[in-house]
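Close look at the chain arrangement
Single-letter residue listing:
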Amino acid sequence: MAAPANPNPGEDASHDALWLTAHEKEAWTGLVSLVLLLPGRLESPLQHGAGLTLFEYLTLSHISEAPERRIRMSDLAYLASGSLSRLSNVVKRFEQRGWVERSPDPDDGRYTVAALTDAGYDMVAAAAPTHVRSVRQYVLDPLTAADQQALARIAAKLRVRPDDLA
């Protein structure tokens, strides 16, 4: 990344910056492309086929994969890569549709548990084939097995954990 023009010519703001090499810039712009463009490619088929956003689908999917289809809201927010407030709004809409029920955690009442209803399970099960086709088309099929393993390693290194946000 080349040094940007300095809006204050009397000050040299770039002297502390460690500018990107060509290889670093290529890696960075590739990541930005993935982060900004890939979610839309994965979401569009879900919206057309099931009326769900990618975040909504991931929320339902993570609940469906949890033991007894029940999960703490705080854990679900982490898995779905969303804030607790965003998740609460989505789960509220799911409750209104009869897809999810919330209740205090029986092990620790300070937490709230989201439980998938049979209707919610039916919705995520119906949307899953559409999502899997998109994941294969836009993410997995263009990659070799070695590429997929490398992607998994890179994603694990870059993943933001809840503790990182505190």
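Every value quoted in this text rests on a predicted model; they were computed, and no experiment measured them.

Thresholds, definitions, all that
Residues numbered from 1 in each chain as written. Predicted model: local features only at pLDDT ≥ 70, side-chain atom pairs only at ≥ 80, totals over all residues. Heavy atoms only, no water. Phe/Tyr/Trp six-rings, centres within 6.5 Å; stacked < 30°, edge-to-face > 60°. Buried < 20%, exposed > 50% of the residue type's maximum accessible area, 1.4 Å probe, protein only. Lys NZ or Arg CZ within 6 Å of the ring centre and 35° of its normal. Helix = DSSP H or I, 4+ residues; strand = E, 2+ residues; numbered from the N terminus. Expected span 1.5 Å × (residues − 1). Polar contact = N/O pair within 3.5 Å; in protein donor to acceptor, adjacent residues only side chain to side chain. Salt bridge = Lys/Arg side-chain N within 4 Å of Asp/Glu carboxyl O. Bend = angle between axes of the 7 residues up to and from the residue. Contact = heavy atoms within 4.5 Å.

Concerning the packing of aromatic side chains
- For the coordinates displayed, the defined rule picks out one aromatic pair.
- Ring geometry for Phe 94 against Trp 99: centres 5.4 Å apart, planes inclined by 45°, an arrangement best described as tilted. Taken as a pair, Phe 94 and Trp 99 share a single burial class, namely buried.
- The residue whose ring lies beneath Arg 72 is Tyr 111, and the NZ or CZ to ring-centre distance is 3.8 Å.
- In this arrangement the basic side chain of Arg 86 is found over the ring face of Phe 55, its NZ or CZ atom lying 3.9 Å from the centre.

Comments concerning helix α2 (residues 54-65)
- Taking 1.5 Å of rise per residue, the 12 residues of α2 would be expected to cover 16 Å, and the 16 Å separating its terminal C-alpha atoms lies within 8% of that figure.
- Burial analysis of α2 places 10 of its 12 residues in the buried class, which makes it a mostly covered element.
- When we look at burial in α2, the residues that qualify are Leu 54, Phe 55, Glu 56, Tyr 57, Thr 59, Leu 60, Ser 61, His 62, Ile 63 and Ser 64.

Digging into the side chain of Asp 108
- Here Asp 108 lies in the loop between β2 (100-104) and β3 (112-116).
- At a separation of 2.6 Å, a polar atom in the side chain of Asp 108 contacts the side chain of Arg 110.

Overview of the pattern of salt bridges
- Under the criterion given, the structure shown has five salt bridges.
- Of the charged contacts, one joins Glu 56 and Arg 93 as a salt bridge, the two residues approaching to 3.2 Å between their closest N and O atoms. Here Glu 56, found in helix α2, pairs with Arg 93, found in helix α4 (residues 84-97); they are 37 residues apart in sequence, far enough to count as distant.
- Exposure remark for Glu 56: the relative accessible area of 6% places this residue in the buried category.
- Arg 93 gets classed as partly exposed once you look at its relative accessible area, which sits at 34%.
- Here Arg 110 ties to Asp 108 by a salt bridge, and the two come within 2.6 Å at their closest N and O atoms.
- Relative accessible area serves as the criterion here: at 17%, Asp 108 is assigned to the buried category.

A look at helix α1 (residues 22-50)
- The end-to-end C-alpha distance of α1 is 42 Å, a good match for the 42 Å that 29 residues give at a rise of 1.5 Å each.
- The largest bend in α1 is about 35°, located at Leu 37, with the proline Pro 39 one to four residues further on.
- When we look at burial in α1, the residues that qualify are Leu 38, Leu 42 and Leu 46.
- Check the buried side of α1 and you find it contacts α2 and α5 (118-140).
- Two residues or fewer after α1 comes Gly 51, characterised by a positive phi angle close to 70°.

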